[in-house]
Amino acid sequence: MTLAGASIRAADSPPQPGPADFNLPPIVEVAGFGITKPMVLVVLSAVIAFGVLYAMSRRAAVVPGRLQFAGEAVYGFVRNGIARENIGAPDYHRYVPYLFTIFAFVLVNNYYGMIPFFQFPTMSRIGYPLALALIAWVVYNAAGIGRHGFLGYLKLQTLPPGLPAWIVPIIVPLEFLSNILLRPLTLTLRLFATMFAGHLLLILFALGGEYLLLHSENALAIPGGILSFVMFIAISFLELLIMFLQAYVFTLLTAMYIGLALADEH
Amino acid sequence: MELGTLNMVGLGLAAIGPGVGIGLIFAALVNGIARQPEAEGRLRTTAILGFVLCEQLFVIGVALAFVLQP
């Protein structure tokens, strides 16, 4: 694993964390194609998610053990709290595996930001959430088209019933833009930007505290450095919450989009 | 020493709106739970949805603040 980001710098200049910190140098080059830390992490996350869930379900029994109980709690949360609430009773079974996969995958990838030695949330590189959002886009559009037919689905998504005729030409393009084109974009940006901003904050307080404590001549540097590290710990706890929340929100919104695509006209 | 760009000032200003909005949402959530504790689960889902939509404005701001370089 490469530990050095771009902000490891000359000791006498204050740190300036920025987007450059997220461009990690490749670990190895394979035929001119650099393999970077997030690529390794994303593959590892699939292995971890599979391994943990397999261990949880391997010795499944009627009276669950501790591991199985934990696994069932998470699964039940996604199945009942997200899928059934948002998609509705007969249809949600088909989408539970997909939603649960997304949830586990995003959760593991987000918590990379907090686990020592990983310490890089994969989703702070925009390509990864973009891929997930495009999969979600295909899934909910396919669900809607399969249910209502192509034209029926377009009508459902772009034309809210009961509108006066003069407003229709304004509403239809707006609804098309927001429901078909912008949804994957906002899904991507939300996950990407919260992970990016959170990690940047952590870098800022860690490097700033180190600089103030060790390299600064200013009289206020020592209390400032201590304050900076206290903030670092506080922000870390906030991040733990946000990382879970973002995984939940990504799954929730995917489920909601599927639910809206499948819904009958009111 | 460069002290940052106007983008960052704009980002701070852009945080005001969603900040007020998120505050209102969770104030309403607390209010709702206090009035009807048994509806907490459903209220919370809706509140988180509102929180997310509100946060979206700021999140777009974060992305644009780093993308739009002078």
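Residues numbered from 1 in each chain as written. Chains lettered and ligands numbered in written order. Predicted model: local features only at pLDDT ≥ 70, side-chain atom pairs only at ≥ 80, totals over all residues. Heavy atoms only, no water.

Caption draft 1: Here's a closer look at unusual backbone geometry. All names here are of chain A. One non-glycine residue, phenylalanine 117, lies in the positive phi region at around 75°. In this fold, phenylalanine 117 is placed in the loop between α3 (96-111) and α4 (127-148). On the basis of relative accessible area, phenylalanine 117 is assigned to the exposed category, the value being 68%. Positive phi values are uncommon outside glycine, yet glutamine 119 reaches one of about 45°. Topologically, glutamine 119 is positioned in the loop between α3 and α4. (Helix = DSSP H or I, 4+ residues; strand = E, 2+ residues; numbered from the N terminus. Buried < 20%, exposed > 50% of the residue type's maximum accessible area, 1.4 Å probe, protein only.)

Caption draft 2: Just the interface of chain B and chain A, in detail. Across the boundary between the two partners, chain B contributes 14 residues, which contact 18 residues of chain A. For the chain B and chain A pair, buried surface summed over both sides reaches about 1,400 Å², with 78% attributable to carbon and sulfur atoms. At the boundary of chain B and chain A, one finds zero salt bridges. The tally of links between chain B and chain A comes to one residue pair in polar contact (both at pLDDT 80 or more). Split by residue class, the side of chain B that touches chain A holds ten nonpolar, two polar and two charged. (Contact = heavy atoms within 4.5 Å. Buried area = accessible area lost by both parts, 1.4 Å probe. Salt bridge = Lys/Arg side-chain N within 4 Å of Asp/Glu carboxyl O. Polar contact = N/O pair within 3.5 Å; in protein donor to acceptor, adjacent residues only side chain to side chain. Nonpolar A, V, L, I, M, F, W, Y, C, P; charged D, E, K, R; others polar.)

Caption draft 3: The nonpolar core, seen in detail. Ranked by size, the top nonpolar core spans 41 residues in total, and within it Ile87(A), Tyr95(A), Leu99(A), Leu187(A), Tyr248(A) and Ile258(A) carry the most contacts. For this core, the secondary structure elements donating two or more residues are α2 (66-87), α3, α4, α6 (168-214) and α7 (221-262) of chain A together with α3 (40-67) of chain B. Looking at which element gives the most residues to this core, the answer is α7(A), with 13 residues. With sequence-adjacent residues up to four places away left out, Leu187(A) is seen in contact with Ala133(A), Ala136(A), Phe250(A), Leu253(A), Thr254(A) and Tyr257(A). (Core = buried A, V, L, I, M, F, W, Y, C linked by side-chain atoms within 4.5 Å.)

Caption draft 4: Region of the structure containing the side chain of Asn141(A). Residue and element names in this part refer to chain A. You can see asparagine 141 is positioned in helix α4. Of note is the side chain of asparagine 141, whose polar atom sits 2.5 Å from the side chain of tyrosine 153. Filtering out sequence-adjacent residues up to four positions away, asparagine 141 remains in contact with Tyr153 and Ile180.

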